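# Coordinate analysis (summary)
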Amino acid sequence: MRFRLLLMGVAALLLAACGKVADTQPTFEPTNTGQPRLVLVEEEEEGAESSEGAVAVVPTSTPTVAPTLTPTSEPTALPTEVPTEAPTEAPTAVPTEAEAGTTVVVIDGQELTGYAADGEFWFNNIENSVTTQKCITCHNPIEPVHGVGPYLYGIANVAGTRVEGLSAVEYLYESIVNPNAHMAPPQVGPDGQEVPWPQNLMPVNWGEQLQPYEIADLVAYLMTLDQELPAP
């Protein structure tokens, strides 16, 4: 009898303890991975001793996932600094043939630039209006052999020593426009004989026939005849 009463008391205690399942429904918030998790909701069952009655419920709200920022434009590349080369010196202009053979001649108080290349052309081609002779007809510029007149081979080396006070340019200019003013010294011919040069051998009208620039060109050409003269 006592044993039965004891069993009944234990049963009553168990029933009182199990009564109703708690109304509280645990929920689970979504994680940062963006995948929804199941929320367990327990059904109310009288006398349930396990969680077999739990139902999986998908949450109605979708968790917000932080958006990934997409660049709207390509990143701007930083400019690469290009090394600056050190400036080079401007090349020195090489004088042309005409510029290398120029000579300044003062004619009637005016400075004129004579060009040797043009002067060589006048020397070989201009004829005298009276005698129809050319400069090359009487004067040899390429070898120390005289003709009707004295050779001009090496004249640039001695023209400045002919008349005291006259430079080579002044002496050559004077010899063209006024050939009787200063006579050239005698020259030795191929036969070894010394040949003197008389006055009026050269036409005296070159100063009227030639233009001033032509005279300046002739002087510039004669100044290029700087060959080495033979020993006296």
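A brief structural summary. (Residues numbered from 1 in each chain as written. Predicted model: local features only at pLDDT ≥ 70, side-chain atom pairs only at ≥ 80, totals over all residues. Heavy atoms only, no water.)

## Re the overall build of the protein chain
The following threshold applies: A run of DSSP states H or I qualifies as a helix once it reaches four residues; a run of E qualifies as a strand once it reaches two. Both are numbered from the N-terminal end. Exposure categories follow from relative accessible area, calculated using a 1.4 Å probe and restricted to protein chains: below 20% of the type maximum is buried, above 50% is exposed, and the middle band is partly exposed. Two residues form a contact once any of their heavy atoms are found within 4.5 Å.
Of regular secondary structure, the protein chain possesses eight helices and six strands. Start at the N end of the protein chain and walk to the C end: the helices and strands fall as α-β-β-α-β-β-α-α-α-α-β-β-α-α. Out of the 232 residues belonging to the protein chain, those deemed buried represent 24%. Expressed as a percentage of contacts within the protein chain between residues at least 6 apart in sequence, the contacts between residues at least 24 apart total 54%.

## Re unusual backbone geometry
Even without being a glycine, Asp 108 presents a positive backbone phi close to 55 degrees. By the secondary structure assignment, Asp 108 is in the loop between strand S3 (102-107) and strand S4 (110-115).

## Examining the environment of Ser 167
Within the element layout of this structure, Ser 167 appears in the loop between helix H5 (155-158) and helix H6 (168-177). Among residues more than four places away in sequence, those in contact with Ser 167 are Ala 159 and Gly 160.

## Focus: H6
Because each turn of an α-helix spans 3.6 residues, side chains separated by three or four positions in sequence point in the same direction. H6 sits mainly inside the fold: seven of its ten residues count as buried. Buried within H6 we find Ala 168, Val 169, Tyr 171, Leu 172, Tyr 173, Ser 175 and Ile 176. For H6, the elements touching its buried residues are S3, H5, helix H7 (206-209) and helix H8 (212-222).

## Let's talk about the packing of aromatic side chains
Short version of the rule: The aromatic pairing rule takes the rings of Phe, Tyr and Trp, using the six-membered ring of Trp, and pairs them if the centres are within 6.5 Å, calling planes under 30 degrees apart stacked, those over 60 edge-to-face and the rest tilted.
Within the structure shown, the criterion is met by two aromatic pairs. When the centroid spacing of 5.4 Å and the interplanar angle of 70 degrees are considered together, the rings of Phe 121 and Trp 122 count as edge-to-face. Since its relative accessible area comes to 17%, Trp 122 is described here as buried. Taken together, a centroid distance of 5.4 Å and an interplanar angle of 55 degrees make the contact between Phe 123 and Tyr 221 tilted.

## Observations regarding the side chain of Asp 217
Formally: In this tally Asp and Glu are treated as negative and Lys and Arg as positive; neither His nor the chain ends contributes. Each salt bridge in this description consists of a side-chain nitrogen of Lys or Arg and a carboxyl oxygen of Asp or Glu lying within 4 Å of one another. Polar contact is defined as a pair of N or O atoms within 3.5 Å, subject to the rule that within protein one atom must be able to donate a hydrogen and the other to accept it, and that residues adjacent in sequence are counted only when both atoms are side-chain atoms.
Relative to the helices and strands, Asp 217 is located in helix H8. In this structure Asp 217 is buried but unpaired, with Lys 134 as the nearest side chain of opposite charge at 17 Å. Within the local environment of Asp 217, its side chain forms a polar contact with the side chain of Trp 122, the two groups lying 3.1 Å apart. Beyond its immediate stretch of four places on either side in the chain, Asp 217 contacts Thr 113, Gly 114, Tyr 115, Ala 116, Asp 118, Gly 119 and Trp 122.

## A closer look at the state of the cysteines
To keep things clear, this is the line we draw: The definition used for a disulfide is geometric: two cysteine sulfur atoms within 2.5 Å.
Counted under the stated rule, the structure contains zero disulfides. Left unpaired, Cys 135 is separated from the closest cysteine sulfur, that of Cys 138, by 8.6 Å. For Cys 135, a relative accessible area of 15% puts it in the buried group.

## Details of the nonpolar core
Worth spelling out the cut-off: Side-chain atoms within 4.5 Å link the members of a nonpolar core, which is a set of buried Ala, Val, Leu, Ile, Met, Phe, Trp, Tyr and Cys residues.
Core analysis: the biggest nonpolar cluster contains 27 residues, and Ile 155 and Leu 222 have the highest contact counts within it. Those elements giving two or more residues to this core turn out to be S3, helix H3 (116-125), H5, H6 and H8. If sequence neighbours within four positions are ignored, Leu 222 has contacts with Phe 123, Leu 152, Ile 155, Ala 156, Leu 172 and Ile 176.

## As for the environment of Asn 180
Inspection of the secondary structure assignment puts Asn 180 in the loop between H6 and strand S5 (187-188). The sequence separation of Asn 180 and Pro 203 amounts to 23 residues, and the corresponding C-alpha distance is 9.4 Å. Sequence-distant contacts of Asn 180, defined by excluding residues within four places in its chain, comprise Gln 199, Asn 200 and Val 204. A polar contact is formed between the side chain of Asn 180 and the side chain of Asn 200, at a distance of 2.7 Å.

## Side note on the pairing of S4
As a reminder, the rule being used: Any two strands are treated as partners once DSSP identifies two or more bridges connecting them.
Inspection of the sheet shows S3 paired to S4 by six bridges, in the antiparallel sense. If you follow Ile 107 over to S4, its bridge partner there is Gln 110. Following S3, the chain reverses through two residues before pairing antiparallel with S4; Asp 108 in that reversal takes a positive phi of roughly 55 degrees.

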